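For reference, the chains in residue letters:
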Amino acid sequence: MADQLSPDEKFNLITRNLQEVLGEEKVKQVLQERELRVYWGTATTGKPHVAYFVPMSKIADFLKAGCEVTVLFADLHAYLDNMKAPWELLELRVKYYEQVIKAMLESIGVPLDKLKFVKGTNFQLSREYTLDVYRLSSMVTEHDAKKAGAEVVKQVEHPLLSGLLYPGLQALDEEYLKVDAQFGGVDQRKIFTLAEKYLPSLGYAKRAHLMNPMVPGLTGAKMSSSEEESKIDLLDSKEDVKKKLKKAFCEPGNIQNNGVLSFVKYVLFPLRGGFSIKRDAKWGGDKVYSVFEEVEKDFAAEMIHPGDLKASVEVALNELLEPIRKKFESPELRKLTSEAYPDPSKTKAGGKGVKAGGGGGGGGGGEDDELAPSRLDIRVGKIISVEKHPDADSLYLEKIDVGEPEPRTVVSGLVAYISQEDLQDRLVLVLCNLKPQKMRGIESQAMLLCASIEGEPRKVEPLDPPEGSSPGDRVFVEGYESGKPDDRLNPKKKVWEKLQVDLKISDECVAQWKDKQLMTKLGQITCKTLKGGNIS
């Protein structure tokens, strides 16, 4: 097919359904001379879900346009991003990703012989690449590195150096994979612009960047591997698919943040060239659509019922998933799945592999409690006094009542983003079992926990305990009520840093850890406005 297409037709196929293209003229120029070389990378962290069909359908477009496509399994990036994939599981997760991505591509009819698959650590640990990392680190500022990774790398109050390296390595991959363009989600735009800014400084060519829109998940927010209800796993049963689609956000007439409708647009239409609504004859019978805009128009006019849309997507989705399910019925792939993603509740202390907290209360019982959130001594605190720091142009919390005979002192950079009026005499959340440390001459005896969203400017809000709370009230994660906090967290074990990765604010402004609510005996912990924010 590609041999019969003109350069303009190839360009239109390469760029259809993309949200943005940086370097359009470069792409057009290459297509006048030869086929475009493109790479798509995926960090091997959580299990791929059905939203991965969106980049897969674009990879199918690239191949139809004659592109040379490389798929990068970014195992080193998975580790650098706040250790989302433990080092001892990297190899297993690469194998899982390779099997499941290939199964996805086969299910949509993409010939694998047209693709090149590369593992990141096969070239990222070479002498030349490592020297380029050092060269790049001598040019990129901390501000630029943090800004570039703001929407991709997990954001925490005290970021690890690994997360700052992440964007630079992704930029270097373009050179070492010898491509003309990198393809990814629009959430990676800042990494792409960092690559365009700094690669020429190393004497390397500036590449083009092709960006997909971010497809809403079933809850209306971004589909995420860490949010069980927002996504459908590629190995989910038909029953699970039906149950999750039934709960999916799909308000009559609402075409905004509609994950079901988006799946039709970005997966089913590009792959099949059409879509069929299946319904009872008394409601008009089946209807076949050849362009997505007609589906969207009829749904907005409420001529398509959400139940009929969901049922029709369910049929089409199960057709895509069935070959993948069958492939993973083999004993070898079942074993690979369980080893790459071990059940935390079955991981024993002292055993090999990733350490994980128990699925219950997080208390002993022979299970390894390394990541049990019950180890955190989080309490409700009441701010008694706020003072100006004597050695800095900022405020600090001189006294916070946390239910002990003596109040504690807290020095936190987050205070700079909150007005003094919003701090005085209010109830907040305080982490009380970190090792005290001196900060510009004042000993900070606890950590103030806030909701935050990175950006210019950064947005920060204190977390709110439920009404009627008192200083000293214990805060726990739902399901981990019985666990006992450590007397003091060992800083060398980085327990707080590892647990913080999964602390977030839901779309309902509720504080969560791995989709389980943070609570006191009186109810849930919330914030005022920062939906989808981090907790730090």
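Computed from a predicted model, the values in this text were never measured in an experiment.

Draft legend 1. A look at the pairing of strand E10 (residues 395-401). With six bridges connecting them, strand E9 (residues 378-388) and E10 associate as antiparallel partners. In the sheet register, Ile383 faces E10, and the bridge partner there is Ile400. Across two bridges, E10 lies against strand E11 (residues 408-410) in antiparallel orientation. Residue pairing in the sheet places Leu397 in a bridge with Val410 of E11. Linking two consecutive strands that pair antiparallel, namely E10 and E11, is a turn of six residues; a positive phi of about 85 degrees is found at Gly403 within it.

Draft legend 2. Looking closely at the packing of helix H3 (residues 53-64) against helix H11 (residues 259-272). In the contact formed by H3 and H11, the axes pass within 9 Å of each other and the chain directions differ by 35 degrees. The interaxial crossing formed by H3 with H11 has left-handed handedness. In this structure, H3 uses Phe53, Val54, Ser57 and Lys64 to contact H11, whose residues at the interface are Phe263, Tyr266, Val267, Pro270 and Leu271. By residue class, the composition of the contact of H3 with H11 is seven nonpolar, one polar and one charged.

Draft legend 3. Here's a closer look at helix H13 (residues 306-327). Compared with an ideal rise of 1.5 Å per residue, which puts 22 residues at 32 Å, H13 spans 32 Å between its outermost C-alpha atoms and is within 8% of the ideal. Along H13, the sharpest kink reaches roughly 35 degrees, centred on Leu321 and followed within four residues by the proline Pro323.

Draft legend 4. Quick peek at the nonpolar core. Ranked by size, the top nonpolar core spans 75 residues in total, and within it Phe53, Leu210 and Leu309 carry the most contacts. In this structure Leu210 touches Ile14, Leu18, Glu20, Val21, Val27, Val38, Phe62, Ala181, Gln182, Phe183, Gly184 and Phe192, once residues within four positions along its chain are discounted. Of all hydrophobic cores here, the second largest spans 32 residues; its members include Tyr39, Leu72, Leu80 and Leu202.

Draft legend 5. Quick peek at the pairing of strand E16 (residues 459-462). Pairing geometry for strand E15 (residues 447-453) and E16, over four bridges, is antiparallel. The residue bridging Cys450 from the neighbouring strand is Pro462, located in E16.

Procedures and definitions
- Residues numbered from 1 in each chain as written.
- Predicted model: local features only at pLDDT ≥ 70, side-chain atom pairs only at ≥ 80, totals over all residues.
- Heavy atoms only, no water.
- Pairing = 2+ DSSP bridges.
- Helix = DSSP H or I, 4+ residues; strand = E, 2+ residues; numbered from the N terminus.
- Axes fitted to C-alpha atoms, helices over the stretch in contact; angles between N-to-C directions.
- Left-handed = near helix turned anticlockwise from the far one by under 90°.
- Contact = heavy atoms within 4.5 Å.
- Nonpolar A, V, L, I, M, F, W, Y, C, P; charged D, E, K, R; others polar.
- Expected span 1.5 Å × (residues − 1).
- Bend = angle between axes of the 7 residues up to and from the residue.
- Core = buried A, V, L, I, M, F, W, Y, C linked by side-chain atoms within 4.5 Å.
- Buried < 20%, exposed > 50% of the residue type's maximum accessible area, 1.4 Å probe, protein only.

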